Amino acid sequence: MLKHYRDRAGLSQDKLAQRINFSAAPVASVETGRRKPSEEFAGLCDKATERRVD
């Protein structure tokens, strides 16, 4: 799902990583399912991709 919202926001993995102050490696790991995102990581990604969570 992260890749979908990242693509929709027009962000590369590197750009998203910069916005959330992480390296690109965790972004890639979450997108491929190798790593489960923490609540903090997920929240930052939601904000950076302007995904609304109600």
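Source: prediction; values computed, not measured.

**Side note on helix 3 (residues 24–32)**
When we look at burial in helix 3, the residues that qualify are Pro-26, Val-27, Ala-28, Ser-29 and Val-30. Buried residues belonging to helix 3 abut helix 1 (2–8), helix 2 (13–20) and helix 4 (39–48). Phi turns positive, to about 85°, at Gly-33, one or two residues after helix 3.

**Digging into the packing of helix 2 against helix 4**
Between helix 2 and helix 4, the least distance of the axes is 9 Å, while the angle of their chain directions is 110°. With respect to each other, helix 2 and helix 4 are oriented roughly perpendicular. For the crossing formed where helix 2 meets helix 4, the hand is right-handed. Contacts from Leu-16, Arg-19 and Ile-20 of helix 2 reach helix 4 at Phe-41, Leu-44, Cys-45 and Ala-48.

**Brief notes about the nonpolar core**
Counting 10 residues, the largest nonpolar core is built from Leu-2, Leu-11, Leu-16, Ala-17, Ile-20, Val-27, Val-30, Phe-41, Cys-45 and Ala-48. Only helix 2, helix 3 and helix 4 provide two or more residues apiece to this core.

Reading the values: rules and limits
- Residues numbered from 1 in each chain as written.
- Predicted model: local features only at pLDDT ≥ 70, side-chain atom pairs only at ≥ 80, totals over all residues.
- Heavy atoms only, no water.
- Buried < 20%, exposed > 50% of the residue type's maximum accessible area, 1.4 Å probe, protein only.
- Helix = DSSP H or I, 4+ residues; strand = E, 2+ residues; numbered from the N terminus.
- Contact = heavy atoms within 4.5 Å.
- Axes fitted to C-alpha atoms, helices over the stretch in contact; angles between N-to-C directions.
- Parallel < 35°, antiparallel > 145°, perpendicular 65-115°, else oblique.
- Left-handed = near helix turned anticlockwise from the far one by under 90°.
- Core = buried A, V, L, I, M, F, W, Y, C linked by side-chain atoms within 4.5 Å.

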